[in-house]
Amino acid sequence: MNWLLKEEPKKYSFDNLAADRGTCWSGVRNPLAQRHLKSIRKGDRILYYHTGTERAVIGLARAASNAYPDPADASGRRVAVDIVPVRKLTRPVPLAEMKPRSTFAGHALVRIPRLSVLPITDRELEEIEKLANRPKP
């Protein structure tokens, strides 16, 4: 399975993930995002997306664990996942480049921009990797 995880780069960028060689992805509060996070399994591919002013997929990561109870959640209802970096994309793929493509028509990335954990199909992942390898428009 493939996933897209969103983070504000000022809070924790892909470069931070690469320098740390991995992190516990925790603190997700949205119920739908939590449902998606619970579905992540060790080995799943992850697109790392910078929010804020960048709004672009920056790199590829991989789930290093299945979902487990979020250590930062005293209620015990939320989950977290360990992720590790795979590689930074050749160039960032901005949301503005994805939106007009039929591959992403109706996708939650376009429809629900505030959702922090999203499933991504193999076709969508391939399209993003293809865009990352093209010259900047």
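Provided above is the structure to which this section pertains.
Since the model is a prediction, treat every value here as computed from it, not as a measurement. (Residues numbered from 1 in each chain as written. Predicted model: local features only at pLDDT ≥ 70, side-chain atom pairs only at ≥ 80, totals over all residues. Heavy atoms only, no water.)

Draft legend 1. Layout of the side chain of D44. Structurally, D44 is set in the loop between helix 3 (31-39) and strand 3 (45-50). Although D44 is buried, it makes no salt bridge; R41 carries the closest opposite charge, 6.6 Å away. Polar contacts involving the side chain of D44 include one to the side chain of W3, which spans 2.9 Å. Aside from chain neighbours lying at most four places away, what touches D44 is M1, W3, S39, A61, R62 and A63. (Helix = DSSP H or I, 4+ residues; strand = E, 2+ residues; numbered from the N terminus. Buried < 20%, exposed > 50% of the residue type's maximum accessible area, 1.4 Å probe, protein only. Lys, Arg positive; Asp, Glu negative; His and termini not counted. Salt bridge = Lys/Arg side-chain N within 4 Å of Asp/Glu carboxyl O. Polar contact = N/O pair within 3.5 Å; in protein donor to acceptor, adjacent residues only side chain to side chain. Contact = heavy atoms within 4.5 Å.)

Draft legend 2. Geometry of the nonpolar core. The biggest cluster of nonpolar side chains holds 39 residues, and the ones touching the most others in it are V57 and M98. Considering each element in turn, this core owes the most residues, six residues, to strand 4 (residues 56-63). (Core = buried A, V, L, I, M, F, W, Y, C linked by side-chain atoms within 4.5 Å.)

Draft legend 3. Structural view of the pattern of salt bridges. One pass over the structure, following the stated rule, counts seven salt bridges. Across the pair K88 and D15 runs a salt bridge whose closest N-O atoms are separated by 2.9 Å. Taken together, the residues K88 in strand 6 (residues 79-94) and D15 in helix 2 (residues 14-20) connect sequence positions 73 residues apart. Judged by its relative accessible area of 44%, K88 falls in the partly exposed class. Owing to a relative accessible area of 44%, D15 belongs among the partly exposed residues under this scheme. The salt bridge involving D122 is made with R45; its shortest N-O contact spans 2.9 Å. With D122 in helix 6 (residues 122-132) and R45 in strand 3, this pair connects stretches of sequence that are 77 residues apart. Under the relative-accessibility criterion, D122 is labelled partly exposed at 45%. Salt bridges linked by common partners bring R101, E127 and K130 together as one network.

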